[in-house]
Amino acid sequence: MRHLIQIFEYQKLCANDKAYFSNEKIGKKVIDKLWQYNDTHDNIYFTAIRNGVKFKQFVGVIQIGNITIEILPKADKQKSTEGDKKKWHDVLLQMLVKCKKIKVDSVSEASLKKRYHSLLDLYFELYLQEVNYLLEQGLVKKYHKQQGNLNVLKGRLEFGKNVQLNLIHRERFYTSHQIYDSNHTINQILLRGLVILKTITNNSSLIDYINRTLSRFPNVENKSINKIHFDSLVDNRKTAPYQEAIKIAKMIILNYAPDIKGGNEHMIALLFDMNKLWEEYVYRVLAKYQNKNLKVSFQNSDKFWENKRISPDIVITNTNEHGLKETFIIDTKWKIINPQKPGDDDLKQMYAYNMYWEANKSMLLYPVSNPKPTTFGDFHKGKEGENKCKIGFVSVLEGNKLDEAIGQKILLLLEMNKIKSQI
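Residues numbered from 1 in each chain as written. Predicted model: local features only at pLDDT ≥ 70, side-chain atom pairs only at ≥ 80, totals over all residues. Heavy atoms only, no water.

**What to know about the overall build of the protein**
The criterion, for reference: The way it works is that DSSP assigns letters per residue, a run of H or I at least four long becomes a helix, a run of E at least two long becomes a strand, and they are numbered from the N terminus. Think of it in three bands: with a 1.4 Å probe and only protein chains considered, a residue is buried below 20% of the maximum accessible area for its type, exposed above 50%, and partly exposed in between. Should any heavy atoms of two residues lie within 4.5 Å, those residues are considered in contact. Using the Shrake-Rupley algorithm and a 1.4 Å probe, accessible areas are obtained, with residue cover drawn only from the displayed protein chains. In this tally, Lys and Arg are treated as positive and Asp and Glu as negative; His is ignored, and so are the chain termini. All charge positions are set by atom: Lys at NZ, Arg at CZ, Asp at CG, Glu at CD.
Across its full length, the protein holds 13 helices and 21 strands. Taking the principal axes of its C-alpha atoms as reference, the protein extends roughly 90 × 55 × 40 Å. Taking all 423 residues of the protein together, the buried fraction comes to 49%. Across the protein, contacts joining residues at least 24 apart in sequence account for 63% of those joining residues at least 6 apart. Counting only carbon and sulfur atoms, one obtains 48% of the accessible surface of the protein, whose full area is about 22700 Å². The average position of the 65 basic charges and that of the 47 acidic charges among the side chains of the protein differ by 3 Å.

Written as C-alpha cells, this is what we have:
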C-alpha cells in the first residue's frame with residue numbers, strides 16, 4: 001500500500017506522524033533514511049531533530065519505499081488545512097511549469113487526481129512519454145570503439161592482449177574496432193533512468209508502462225551513470241530531441257539513493273530551493289512585459305572584491321518618454337518578515353546594488369497572502385540624486401490559483417515613470 005504525506009516547508013516530520021489517508025506511522029526507518037540522505041548532501045535539506053526532521057526552504061517530493069513525502073511552499077503563517085495542502089500543491093506545479101521544470105502546458109489538481117499519486121509520478125510519466133517518443137523516432141546511433149576477442153581479424157590487433165589470451169587459440173584475435181550502433185552514453189542514460197524507475201515506483205500503471213517501454217529498447221548496456229556522464233554530453237542537431245528526456249533522467253539518476261542494506265527502502269528525492277524557484281518565477285512573469293523601452297535581465301553579476309562577485313536577482317531598465325534610462329533592482333526573498341523591520345544585511349546589499357548598477361530605486365520583494373502598500377525609503381549617502389529602496393509585498397495567489405497579473409503588480413510597485421502606459 002502506498003502512503004502520501006503532505007507537509008509545508010519549515011514544518012517538522014516525526015517517526016510517530018501518520019501518513020495521509022492512512023493510520024500507518026512513518027516509522028524510524030524512514031527518518032533514518034532522511035538523515036542519511038541529508039548527511040550525504042552537507043545537511044542542506046533538513047535539520048535533524050529528536051525522532052524526526054525539520055524541513056528548510058526546499059520543496060518538492062521524496063519517496064522512500066512506499067512512503068511519498070511532498071514538501072509544499074506556503075506564503076503565510078496561518079494554520080494549515082487540508083484545503084491549503086491541495087491549493088499549494090497545485091501552486092507548486094504551476095510554478096514548476098512556468099519555470100520550465102516540467103514540460104506541460106497546464107497541470108490541474110483535477111487531472112493530477114485522476115492520473116497521478118504525487119508530483120514524482122508526474123515526472124515519471126513525463127519521462128516515459130519522452131523516451132517512447134524517441135523510440136518511435138529511432139534512437140540515435142553513433143560510432144564508438146569496442147574491444148573484444150573475435151574469430152576474425154577486424155580493426156586493429158591489440159598485440160599484448162592477443163598474446164595473453166590467444167597463445168593457444170591461434171584462430172582468435174583480440175582487436176579494437178569501430179562499431180555503429182545504439183550502445184553509447186546518451187542511450188545508456190535513458191535506459192538507466194528506466195531501470196531506476198522500475199526499481200523505485202510502486203504505481204501499478206507506471207510499472208506496466210515501464211515494462212512496455214523496456215521491451216521496445218534496443219540492445220544497450222545497463223551501466224552505472226554519474227554526473228561525469230552527463231557533463232560529457234555534447235549537444236548537436238541529432239541529440240536535440242533528447243534534451244527533455246535527458247533533463248528528467250539527470251534528476252532521477254543523480255537523486256536516487258538505493259537501499260544498499262536491504263529491506264527495499266530505496267529513496268529518490270526531487271527537491272527545489274524555493275528561494276531560487278521564486279526568483280526565477282518572478283523573472284519569467286516580468287519578462288513577458290518586455291518591449292522596446294522595458295528590458296528585464298536575470299542573473300546579473302559584476303566583480304565586487306577580489307574574487308567575490310555581486311549578483312542582484314533582477315535588473316530592469318526603463319526608457320522614459322524623454323529617452324532617459326532608469327534602472328531598477330529587484331531582489332526576491334521567499335520568506336515572511338515584519339515590514340517594519342527589514343534585515344540590515346538585506347538593506348546593505350540593496351545599497352551596494354544601487355551603487356554598482358547606478359540604480360535610483362531597488363526593491364526587496366516578498367510573498368504574502370494579504371499585501372499592504374509600502375513606500376520607498378532613502379539611503380542617506382553614496383550617490384547624487386535618488387537613492388531609494390523599498391520593501392515590496394505581492395500576493396502569489398488570486399483566489400486558489402497563481403495570480404496571472406502578478407508581473408504587472410510587481411512593476412507597479414516600482415513606481416516607474418509612465419509605467420502604466422507600457423503594461
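**Things to note about the confidence of the model for the protein**
Threshold: The quantity known as pLDDT measures the predictor's confidence residue by residue, on a range of 0 to 100.
Summing up the model confidence of the protein, the mean pLDDT is 86 and the portion of residues at 70 or higher is 91%. Helix α10 (residues 274–287) holds the highest mean pLDDT among the elements of the protein, 96, whereas helix α13 (residues 419–422) holds the lowest, 48.

**Here we look at helix α2 (residues 82–98)**
In an α-helix, one turn spans 3.6 residues, which is why side chains three or four residues apart end up on the same side. Rules: The span you would expect from a helix comes to 1.5 Å times its residue count less one.
Taking 1.5 Å per residue as the helical rise, α2 with its 17 residues ought to reach 24 Å, and the 25 Å between its terminal C-alpha atoms agrees with that figure. K100 sits one or two positions beyond α2 and adopts a positive phi of about 60°.

**Observations regarding empty space enclosed by the protein**
To keep things clear, this is the line we draw: Put plainly, a pocket is an open set of points on a 1 Å grid over the protein atoms alone with protein on both sides within 12 Å along at least five of seven lines, a cavity is a set where a 1.4 Å probe fits but cannot get out, and a lining residue has an atom within 4 Å of a point. Grid points are joined across faces, edges and corners, and a volume is the space filled by probe spheres set on the points.
By the definition in use, this model includes one cavity of 30 Å³ or more. Within this model, the largest cavity holds a volume of roughly 30 Å³. Lining the largest cavity, in full, are E326, T327, F328, N360, K361 and E386. It is strand β16 (residues 325–332) that provides the largest number of residues to the lining of the largest cavity, a total of three residues.

**Some thoughts on the sheet that holds strand β3 (residues 46–49)**
Heads up, the condition is: Paired strands, in this sense, are two strands between which DSSP finds at least two bridges. Whenever a helix is involved, its axis is fitted only over the stretch in contact; in every case the axis is a line through C-alpha atoms, and angles between N-to-C directions fall within 0 to 180 degrees.
Pairing is antiparallel across the open sheet formed by three strands, whose spatial order is β2-β4-β3. Sheet topology places β2 (12–14) and β3 at the edges, where each strand pairs with a single neighbour. The mean inter-strand angle of the sheet, taken between neighbouring strand axes irrespective of direction, is 25°. Pairing geometry for β3 and strand β4 (residues 52–55), over four bridges, is antiparallel. Of the residues in β4, the one forming a bridge with F46 is F55. Strands β2, β3 and β4 of the sheet are contacted by helix α1 (residues 28–40), whose axis makes an angle of about 130° with β3.

**Points about the layout of surface pockets**
Quick note on the threshold: Ten residue types, Ala, Val, Leu, Ile, Met, Phe, Trp, Tyr, Cys and Pro, are classed as nonpolar, four, Asp, Glu, Lys and Arg, as charged, and the remainder, Gly among them, as polar.
Put simply, the largest pocket is a space of about 580 Å³. Surrounding the largest pocket, 21 residues form its lining, K101, M251, N255, L271 and F272 being those nearest its centre. The greatest single-element share of the lining of the largest pocket, amounting to five residues, is contributed by strand β11 (residues 267–273). For the lining of the largest pocket, the per-class residue count stands at ten nonpolar, three polar and eight charged. Here the second largest pocket defines a volume of roughly 500 Å³.

**Some details on the packing of helix α6 (residues 185–200) against helix α7 (residues 204–215)**
Quick note on the threshold: For classification purposes, angles smaller than 35 degrees are called roughly parallel, those larger than 145 roughly antiparallel, those between 65 and 115 roughly perpendicular, and all remaining angles oblique. By definition, any crossing whose near helix is turned counterclockwise from its far helix by less than a right angle is left-handed, and any crossing with a clockwise turn is right-handed.
With their axes 10 Å apart at the nearest point, α6 and α7 run at an angle of 150° to one another. Between α6 and α7, the interaxial angle falls into the category roughly antiparallel. Crossing angle aside, the handedness with which α6 passes α7 is left-handed. Residues L191, L194, L197 and K198 of α6 touch α7, and the partners they reach there are I210, N211, T213 and L214. Residues belonging to the contact of α6 with α7 are distributed by class as follows: five nonpolar, two polar and one charged.

**Some points on the environment of N300**
For the record, the criterion: Whenever two N or O atoms come within 3.5 Å, that pair is a polar contact, provided that in protein one can donate a hydrogen and the other can accept it, and provided that, for residues adjacent in sequence, both atoms are side-chain atoms.
Mapped onto the elements, N300 comes out in the loop between β12 (294–298) and β13 (302–305). Sequence separation between N300 and V315 is 15 residues, and the spatial gap between their C-alpha atoms is 7.3 Å. Residues contacting N300, with those up to four places away along its chain left out, are I310, S311, P312, D313, I314, V315 and W357. Side-chain polar atoms of N300 contact the side chain of S297, separated by 2.9 Å.

**Some words on the environment of D76**
Along the chain, D76 turns up in the loop between β6 (67–72) and α2. Its relative accessible area of 18% is what places D76 among the buried residues. Residues D76 and P367, 291 residues apart in the sequence, show an inter-C-alpha distance of 8.2 Å. When sequence neighbours within four positions are dropped, the list of residues in contact with D76 reads I336 and S369.

**Comments concerning the sheet that holds strand β19 (residues 388–395)**
With mixed pairing, six strands are arranged side by side in an open sheet as β12-β15-β16-β17-β19-β18. Only two strands of the sheet have a single neighbouring strand rather than two, namely β12 and β18 (377–378). Direction of pairing for strand β15 (residues 314–319) relative to β16: antiparallel, over a ladder of six bridges. The partner of I314 across the bridge, within β16, is I330. The strands touched by α10 are β12, β15, β16, β17 (361–368) and β19; relative to β12, the strand with the most contacts, the crossing angle is about 160°.

**As for the side chain of T239**
Mapping T239 onto the fold places it in the loop between α8 (227–231) and α9 (243–254). Under the relative-accessibility criterion, T239 is labelled buried at 5%. The contacts of T239, once residues within four sequence positions are left out, are I186 and V234.

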